[in-house]
Amino acid sequence: MVMKEEKKEDTLILAIESSCDETAAAIVKNGREVLSNIISSQIDIHKLYGGVVPEIASRKHMERINYVMAEALSTALVGIEEVDAIAVTYGPGLVGAAAFAAKKPLIPVHHIEGHISANYIEYKELEPPFLCLVVSGGHTHLVIVNDYGDYKVIGRTRDDAAGEAFDKVARAIGLGYPGGPKLQKLAEEGNEDAIDFPRASIADAPYDFSFSGVKSAVLNYINACNMKGIEINRADIAASFQKAVVSVLVSHAILAAKEYHFDKLALAGGVASNTQLRLSMQKACEKEDISFYCPSPILCTDNAAMIGAAAYYEFLKNRRAGWDLNAVPNQKLGEKVFL
């Protein structure tokens, strides 16, 4: 009697994220269930230099990647032979080597796509289409998510990303690195209406952002106070600056949701863990009867689980990359590097 081969119902993705200063690996089942999510942070190293040093970050990734991958597999109680594919934020080359050694398909994931997909882990019921505001140290994007892997960017920053502006202002008032979380904490002690910092709008591109103006306004305010011998209130500066940035992020996102007729709006990216942004966006969505989605803070910052979530849907479409895949720093969201 010939036995039928048992059909494998679940898809397991070993995902790796090493695009900045976190070396992370995760095992994700069926794009929504996280079996493990291991993150090795380099914050303590880079704060000595006041920011991320790429050469140091790259070296530390090389040192930690095998340990992080092994821990992700061990925590999930999964052997490498049980993994269906290996997913990675575009590059580095060592990840292609890992997929080659394991003889597993390699799935490339855009970093922003990963941040968007973190929402699928938090909200099992969420499906495209929806609008997503991606806010991080390197990106501020308004993205229409038409379908899994199908994106249209309708707004982006013209200069500084929101997270970048947070870090620069934090440095200016002596908070150090990482600036965003420290500035948020200090802002809780300040008066957000103490200083009226500018909110930039771009006439011919209502969904685009610009944060260099508010950043410069903060620096000019500090310099003016120093020249006049006026003592500055750092908490008031932090709170007023945060309010200015958050109000622009929220107003642009709500405007786009209304004009494109979306009743679902999601947040993503490292700055999405900012409490004031989350609360303000939730309040604005409730007012407009828009369903609001935002991942837990651990899923907002760089992590591998979000990469695994995005990769699952590419896996279902049989999209693969060659094992020689390397980093593509300027790759735009939606531009694929599949075979």
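Not measured: the values here are computed from a predicted model. (Residues numbered from 1 in each chain as written. Predicted model: local features only at pLDDT ≥ 70, side-chain atom pairs only at ≥ 80, totals over all residues. Heavy atoms only, no water.)

Engineer: Any chance you could explain the pairing of strand S8 (residues 150-156) here in plain terms?
Structural biologist: Here strand S7 (residues 140-147) pairs with S8 via six bridges, running antiparallel. Within the sheet, the bridge partner assigned to Ile 144 lies in S8 and is Lys 152. Two successive antiparallel strands, S7 and S8, enclose a turn made up of two residues, where Gly 149 displays a positive phi of approximately 80°. (Pairing = 2+ DSSP bridges. Helix = DSSP H or I, 4+ residues; strand = E, 2+ residues; numbered from the N terminus.)

Engineer: Would you mind going over the pattern of salt bridges with me for this structure?
Structural biologist: Two side chains with opposite charge may pair up if their charged atoms get near one another. The full count for this structure, using the stated rule, is 10 salt bridges. Linking Asp 160 and Lys 215 is a salt bridge whose minimum nitrogen-to-oxygen distance equals 3.0 Å. Taken together, the residues span a long stretch of sequence, with Asp 160 in the loop between S8 and helix H5 (162-172) and Lys 215 in helix H7 (residues 212-228) at a distance of 55 residues. Here Asp 160 matches Lys 215 in class, with each residue buried. Residue Glu 288 pairs with Lys 258 through a salt bridge whose shortest N-O separation is 3.8 Å. Of the two residues, Glu 288 is situated in the loop between helix H9 (275-287) and strand S10 (291-293) and Lys 258 in helix H8 (residues 234-259); the sequence distance between them amounts to 30 residues. The class for Lys 258 is partly exposed, based on a relative accessible area of 45%. (Salt bridge = Lys/Arg side-chain N within 4 Å of Asp/Glu carboxyl O. Buried < 20%, exposed > 50% of the residue type's maximum accessible area, 1.4 Å probe, protein only.)

Engineer: In this structure, what is going on with the state of the cysteines? I would like to understand it.
Structural biologist: Each disulfide is one covalent bond, formed between the sulfur atoms of two cysteines. If you walk through the whole model with that rule in mind, you get zero disulfides. Free of any disulfide, Cys 132 has its nearest neighbouring cysteine sulfur in Cys 294, separated by 9.0 Å. A relative accessible area of 0% means that Cys 132 is categorised as buried. (Disulfide = S-S within 2.5 Å.)

Engineer: What is the right way to read the environment of Asn 303 from this model?
Structural biologist: Tracing the chain through its elements places Asn 303 in the loop between helix H10 (297-300) and helix H11 (305-316). With 265 residues separating them along the chain, Asn 303 and Ile 38 place their C-alpha atoms 7.8 Å apart. The contact partners of Asn 303, leaving out residues within four places of it in the chain, are Glu 17, Ala 24, Asn 37, Ile 39 and Ile 298. A distance of 2.7 Å separates a polar side-chain atom of Asn 303 from the backbone oxygen of Thr 301. Polar side-chain contacts of Asn 303 include one of 3.1 Å to the backbone nitrogen of Ala 305. (Contact = heavy atoms within 4.5 Å. Polar contact = N/O pair within 3.5 Å; in protein donor to acceptor, adjacent residues only side chain to side chain.)

Engineer: I would appreciate a short explanation of the environment of Leu 126 in the present structure.
Structural biologist: With respect to the element layout, Leu 126 can be found in the loop between helix H4 (111-122) and strand S6 (130-135). A sequence separation of 167 residues divides Leu 126 from Tyr 293, and the C-alpha atoms of the two residues are 8.5 Å apart.

Engineer: Would you explain unusual backbone geometry in this entry?
Structural biologist: Keep in mind that most residues, glycine aside, have a negative phi and that most peptide bonds are trans. With an omega of 5°, the peptide bond running from Pro 128 to Pro 129 counts as cis. Following the sequence through the fold, Pro 129 ends up in the loop between H4 and S6. Positive phi is not limited to glycine here, since Asn 318 has a value of about 60°. With respect to the helices and strands, Asn 318 occurs in the segment after H11. You can call Asn 318 exposed: its relative accessible area is 57%.

Engineer: Looking at this model, I keep getting lost on the sheet that holds S6. Mind explaining?
Structural biologist: Pairing in this open sheet of five strands is mixed, and the strands run S8-S7-S6-S9-S10 from one edge to the other. Among the strands making up the open sheet, the edge pair consists of S8 and S10. Across this sheet, the average inter-strand angle for adjacent strands is 25°, counted without regard to direction. One ladder, built from four bridges, connects S6 with strand S9 (residues 264-268); its direction is parallel. Pairing of Leu 133 across the sheet is with Leu 267, part of S9. In the packing of H4 onto the sheet, contacts are made with S6, S7, S8, S9 and S10, and the angle to S6 comes to roughly 120°. (Axes fitted to C-alpha atoms, helices over the stretch in contact; angles between N-to-C directions.)

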